[in-house]
Amino acid sequence: MEPVAPGKTRVGWIGTGVMGAAMAGHIREAGYELTVYNRTRAKAEPLLARGAVWAPTPREVARRSDVIFTMVGFPADLRQVVLETDGVIHGVTAGSVLVDMGTGEPALARELYETLQARGVASVDAPVSGGDIGARNASLSIMIGGDAEVVAGLMPLFQCMGKLIIHHGPAGAGQHAKMCNQVLIASSMISVCECLLYGYKAGLDLRKVIESVGSGAAGSWAINNLGPRILKRDFDPGFFVEHFLKDMGIALAEAGRMGIALPGLALAHQLYQSVKALGHGRSGTQALMLALERMSNVEMPAV
Ligand code: NAP
């Protein structure tokens, strides 16, 4: 595949939510012609104001684009915007490329790869880590599965959105790498909340605690970025609890298929079920604090 370039490559973007709006914005800023579609048009308006063009369906996005990105929520949404009525598959032309940057099932990534390959269209899975902040700052870590030659051609587009871009292997490998990421985050989110709960009951100044532990060997993105949000009782997303549940469900199913036990992941999955049951499915993942507080009959004040 010829490397992409502004003025030459027409880009399409489907899904302009928390992550997608910011990521697509960087591509527009880099000078690419951009066609967008989202279920709720209002969320695409800021991009339209910056020169992106609206398309009424994913099919129409595909018809007008050489590279089509998807950044929707769940595997069922990806299936809908690509394979179902008015989906990308009905608008693509041979030689174009689909790039899914959402987090989803490795098996679906392989299915899309094979289905589109039969039409002369390449497909790449390129999920990301770095959260809403990474999307806004174009500092995402991008984990890629797909054909090496296609991935190389797409590099200038990935560089608009991310700082660390790694090709992990064939279709589905990007999603597997992202599952490794989610397995790692799952237990660390429990640690972040338990650390703060302990510090609170011990009577410590939690801002000082975050400062001390966040820059030492125990430091993590989660304690440094989500810890302060918890102290402010800011449970807005960020990263939705219901999306994290989706990811942990996928990772647990894959682990089961591979015959391995991941007890830390299973515990986090159960605790997040509780967060959802408390009415916080559309809160950010830092809302885990609410479930742990409830277990210990604690409610930390905003500081
Ligand atoms: P989001 O804010 O819910 O964005 C998803 C967007 O896709 C929404 O604007 C939604 O439309 C649109 N959409 C969903 N289904 C659609 C459909 N069937 N047809 C058309 N549009 C559809 O979620 P997000 O936080 O950006 O996350 C997107 C993906 O990235 C998820 O797979 C998530 O797991 C992953 N991810 C998120 C983060 C994070 O920190 N947020 C980090 C890494 C990866 P509406 O506007 O109508 O809802």
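About the thresholds
Residues numbered from 1 in each chain as written. Predicted model: local features only at pLDDT ≥ 70, side-chain atom pairs only at ≥ 80, totals over all residues. Heavy atoms only, no water. Domains from an automatic or database assignment. Buried area = accessible area lost by both parts, 1.4 Å probe. Salt bridge = Lys/Arg side-chain N within 4 Å of Asp/Glu carboxyl O. Polar contact = N/O pair within 3.5 Å; in protein donor to acceptor, adjacent residues only side chain to side chain. Nonpolar A, V, L, I, M, F, W, Y, C, P; charged D, E, K, R; others polar. Near = heavy atom within 4 Å. Helix = DSSP H or I, 4+ residues; strand = E, 2+ residues; numbered from the N terminus. 1 Å grid on protein atoms, 1.4 Å probe; cavity = no way out; pocket = protein on both sides within 12 Å on 5 of 7 lines; lining within 4 Å. Points joined across faces, edges and corners; volume = space filled by probe spheres on them. Contact = heavy atoms within 4.5 Å.

(A) The arrangement of the domain arrangement of the protein chain in detail. Here the protein chain is described as being made up of domain 1 (10-171) and domain 2 (179-296). Overall, the association of domain 1 and domain 2 removes approximately 1,100 Å² of surface from exposure, summing both partners, and the carbon and sulfur fraction of that is 62%. Taken as a group, Phe74, Thr103 and Ile133 account for 36% of the area that domain 1 buries against domain 2, more than any other trio of residues on that side. Taken together, domain 1 and domain 2 are joined by 1 salt bridge. A salt bridge links Arg229 to Asp132, with the nearest nitrogen and oxygen atoms 3.4 Å apart. Joining domain 1 to domain 2, the criterion identifies 4 residue pairs in polar contact (both at pLDDT 80 or more). Considered class by class, the residues forming the side of domain 1 that touches domain 2 number 5 nonpolar, 5 polar and 2 charged.

(B) The arrangement of the site of the ligand in detail. Surrounding the ligand, one finds 27 residues, the nearest of these being Val18, Met19, Asn38, Thr40 and Lys246. In the environment of the ligand, an oxygen atom lies 2.9 Å from a nitrogen or oxygen atom belonging to the side chain of Lys43. A distance of 3.1 Å is found between an oxygen atom of the ligand and a backbone nitrogen or oxygen belonging to Thr103. No other element matches helix α4 (residues 75-83), which puts 3 residues into the shell around the ligand.

(C) The layout of surface pockets, seen in detail. Computed from the structure, the second largest pocket encloses a volume of approximately 160 Å³. If you go around the second largest pocket, the residues you meet are His176, Met179, Cys180, Val183, Ala251, Glu254, Ala255, Met258, Ile260 and Leu262. Elements represented by at least two residues in the lining of the second largest pocket include exactly α8 (173-201) and α11 (241-258). Considering only residue class, the lining of the second largest pocket consists of 8 nonpolar, 1 polar and 1 charged.

(D) Inspection of the side chain of Lys178 at higher detail. Counting through the fold element by element, Lys178 comes out in helix α8. In this structure, Lys178 is in contact with Thr103, Pro127, Val128, Ser129 and Met143, ignoring residues within four places of it in sequence.

(E) Local environment of empty space enclosed by the protein. Enumeration according to the criterion identifies 2 cavities of 30 Å³ or more in this entry. What the largest cavity holds in volume is close to 90 Å³. Lining the largest cavity are 15 residues; nearest its centre among them are Asp100, Ala109, Leu112, Val124 and Asp125. Elements with a contribution of two residues or more to the lining of the largest cavity: β5 (97-100), α5 (106-117) and β6 (122-125). Sort the elements by how many residues they give to the lining of the largest cavity and α5 lands first, with 4 residues. For the lining of the largest cavity, the class distribution of residues is 9 nonpolar, 3 polar and 3 charged. By volume, the second largest cavity is sized at about 50 Å³. As for the second largest cavity, its lining consists of Val72, Gly73, Phe74, Pro75, Leu78, Asp100, Gly102, Thr103 and Gly104. Grouping the amino acids of the lining of the second largest cavity by side-chain chemistry returns 4 nonpolar, 4 polar and 1 charged.

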